[in-house]
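Coordinate inspection notes
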Amino acid sequence: MSSPAPIPHPVRLVVGAAVVDDLERPTRLLSARRTEPSALAGGWELPGGKVDDGESPLFALHRELREELGVTVRLGPHVPGPQPGSTWPLGDRYEMLVWLAEVVEGTPEPIEDHDELRWLGLDELGSVGWLPADLPIVETLESMLRDRPGTHPGPERHA
Ligand SMILES: Nc1nc2c([nH]c(=O)n2[C@H]2C[C@H](O)[C@@H](COP(=O)(O)OP(=O)(O)OP(=O)(O)O)O2)c(=O)[nH]1
């Protein structure tokens, strides 16, 4: 006799921000070390969190960044994920929408959910222990940030 099919559970939407020092000319990405739950504590991630019932993803993202880091941001483009709707898979319970972002008010502090923040240079993105689901996101970010128009050497650098 075959075992019963597992009961499917809805996949919950999470929003995350790839906060950079400068959207036009990014040189550093903000990473945050989680404090909970214990299975994920110590892992580095993009700040953000779950979209609550009745919230839009963008409202949720701004709320999470205010609560977790104490900052207001301006958003850049999406970091397109491989799933329908451009989301990134986070295990089988969550999926995440990610935007580039730049701080316009406040200085990021680990107020809630994190115990350390670190600005990583584009050559240092692999220097922290990212949560497993974040590894492909960070890989995409690395090429995306290097390819931002402002990061190309200007003609003066060839002079
Ligand atoms: N915010 C965020 N969550 C991530 C990332 N990578 C990853 O696997 N996750 C997982 C961890 C959690 O299981 C889930 C997001 O939940 P969360 O704990 O950040 O959400 P939240 O701030 O709304 O937390 P809570 O109020 O429900 O406690 O997604 C990431 O880069 N950023």
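Named according to an unreviewed UniProt entry, the protein chain is 8-oxo-dGTP diphosphatase originating from Terrabacter carboxydivorans. The Catalytic activity (unreviewed entry) comment attached to the protein chain in UniProt states, word for word, "8-oxo-dGTP + H2O = 8-oxo-dGMP + diphosphate + H(+)".

Remarks on the overall build of the protein chain
Summing up its helical and strand segments, the protein chain has three helices and eight strands in all. The order of helices and strands in the protein chain, counted from the N terminus, is β-β-β-β-α-β-β-β-β-α-α. Principal-axis analysis of the C-alpha atoms places the extent of the protein chain at approximately 75 × 35 × 30 Å. Considering the protein chain as a whole, with its 159 residues, one finds that 27% of them fall into the buried category. Across the protein chain, the fraction of contacts at a sequence separation of at least 24, relative to all contacts at a separation of at least 6, is 69%.

Re the site of the ligand
Around the ligand sit 15 residues in total, of which Glu45, Leu46, Gly48, Gly49 and Lys50 are the nearest. Elements supplying a minimum of two residues to the shell around the ligand: strand S1 (12–20) and strand S4 (48–50). Per-element tally for the shell around the ligand: the top contributor is S4, with three residues. Of the residues that constitute the shell around the ligand, the class distribution is seven nonpolar, three polar and five charged.

Some points on the environment of Glu102
If you trace the backbone, Glu102 turns up in strand S7 (residues 94–105). The exposure class assigned to Glu102 is partly exposed, which follows from the 17 C-beta atoms found within 10 Å. In this structure the C-alpha to C-alpha distance between Glu102 and Asp52, which are 50 residues apart in sequence, comes to 23 Å. Dropping the residues within four chain positions of it, Glu102 is found in contact with Val19, Val20, Asp22, Leu23, Val73, Arg74 and Gly76.

Definitions and cut-offs
Residues numbered from 1 in each chain as written. Predicted model: local features only at pLDDT ≥ 70, side-chain atom pairs only at ≥ 80, totals over all residues. UniProt positions renumbered as here; feature names shortened; annotations may be inferred. Helix = DSSP H or I, 4+ residues; strand = E, 2+ residues; numbered from the N terminus. Buried ≥ 20, exposed ≤ 12 C-beta atoms within 10 Å, placed from the backbone. Contact = placed C-beta atoms within 7 Å. Near = placed C-beta within 6 Å. Nonpolar A, V, L, I, M, F, W, Y, C, P; charged D, E, K, R; others polar.

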